[in-house]
Each structure stands twice: as structure tokens, then as C-alpha cells.
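Inside the fold
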Amino acid sequence: QVQLVESGGGLVQAGGSLSLSCVASGSTFSRFATAWFRQVPGKEREFLAAQIRVGGNVYSANYADSVKGRFTVSRHNAKNTVYLEMIDLQPQDTADYYCAADSRGIITRDNSANQALYEYWGQGTQVTVSS
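None of the values given here were measured: they were computed from a predicted structure. (Residues numbered from 1 in each chain as written. Predicted model: local features only at pLDDT ≥ 70, side-chain atom pairs only at ≥ 80, totals over all residues. Heavy atoms only, no water.)

Within this structure, the stated rule accounts for one cavity of 30 Å³ or more. Put simply, the largest cavity is a space of about 30 Å³. Taken together, T34, A35, W36, A50, Q51, V73, S74, V82 and Y83 make up the full set of residues lining the largest cavity. Only β4 (33–39), β5 (46–55), β7 (71–76) and β8 (81–86) provide two or more residues apiece to the lining of the largest cavity. The biggest single contributor to the lining of the largest cavity is β4, with three residues. Classifying every residue of the lining of the largest cavity gives six nonpolar, three polar and no charged. (1 Å grid on protein atoms, 1.4 Å probe; cavity = no way out; pocket = protein on both sides within 12 Å on 5 of 7 lines; lining within 4 Å. Points joined across faces, edges and corners; volume = space filled by probe spheres on them. Helix = DSSP H or I, 4+ residues; strand = E, 2+ residues; numbered from the N terminus. Nonpolar A, V, L, I, M, F, W, Y, C, P; charged D, E, K, R; others polar.)

Right, let's get into the environment of Y120. With respect to the helices, strands and loops of the structure, Y120 is situated in strand β10 (residues 120–121). According to the relative accessible area criterion, Y120 is buried, its value standing at 16%. Along the primary structure Y120 and Y59 are separated by 61 residues, whereas in three dimensions their C-alpha atoms are 19 Å apart. In contact with Y120, not counting residues within four places along its chain, are Q1, V2, L4, F32, C99, A100, A101 and S103. (Buried < 20%, exposed > 50% of the residue type's maximum accessible area, 1.4 Å probe, protein only. Contact = heavy atoms within 4.5 Å.)

Secondary-structure assignment places G105 in the loop between β9 (95–102) and β10. Note: C-alpha distance between G105 and A33 (72 residues apart in sequence) is 7.3 Å.

So, about the state of the cysteines. What the rule picks out here adds up to one disulfide. At a sulfur-sulfur separation of 1.9 Å, the disulfide partner of C22 is C99. Its torsion about the S-S bond being 50 degrees, the disulfide of C22 and C99 is classed as right-handed. Separated by 77 residues along the polypeptide, C22 in strand β3 (residues 18–25) and C99 in strand β9 bring together distant segments of the chain. Each member of the pair, C22 as well as C99, is classed as buried. (Disulfide = S-S within 2.5 Å.)

Turning our eyes to something else, we now look at the sheet that holds β8. Pairing is antiparallel in the open sheet, where four strands are placed in the order β1-β3-β8-β7. The open sheet has two edge strands, β1 (3–7) and β7, and neither has a second partner. Within the sheet, the average angular offset between the axes of one strand and its neighbour, ignoring direction, is 20 degrees. (Pairing = 2+ DSSP bridges. Axes fitted to C-alpha atoms, helices over the stretch in contact; angles between N-to-C directions.)

Printed below as a string of C-alpha cells:
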């Protein structure tokens, strides 16, 4: 059983930056596709970014238009960790942020925004951006 644990959320002023981490336990992480989503209470969960393994330790990144240029995904396989670097945060970025992962090789660039395809989810970390 794979467990994902996010950290790094908190309160930041508009224009500020945060770096979220997601540590995985329980399996060989390097083969996993991973993604970040966020959710505001009462609203649909929103896709932010994904990393899809294309072979070996090479990954392709896919970003939602709403965060392209401001958010960057990366990973450190030896640490079983994926990261979401966020810059120029705005009040509308306030949400609970979740990482997700899938080990089955079914995630592609085209379907990476589909939350239903991910096997594993973290518990979320809260990000609050003040104006």
C-alpha cells in the first residue's frame, strides 16, 4: 500500500512563493506518474500539474493553463518525493493542495488531468494566500 504525505502548505502574502512536498512510501516511486491538484471547499478539484514517466528516469510535465509559468513540478526519486514550486501566488490560489500518484502506467499527457485515474492520494496541505 502506497501512502502519500504532503507538506509545505501555509500562509503567504500575495506575490509570495511556497514549495510543497509529497513523500511516498511503500513502493518503487520512480515508475509512478504523479500529479498535483487543488480544491476549494464546495468546488470541484482542479488539476494543476503532472509528471508522466516516458522512460527510464525521464519524465514529461503537463501543466494547467491557470498555473503555467508560475508552478513547477519536480521530483527526487531517491527521496521518493515530488515537489510543487509555486511563485507569484495570488488569493485565488488559496485551496487545499493534494498530490496523487499512479503505478499502473495508464497516465498519459492527454489524460493526466483526470483525477479518477490516480490510484493514490495524499491527505492534502492547506495553502492560504492573503491579499
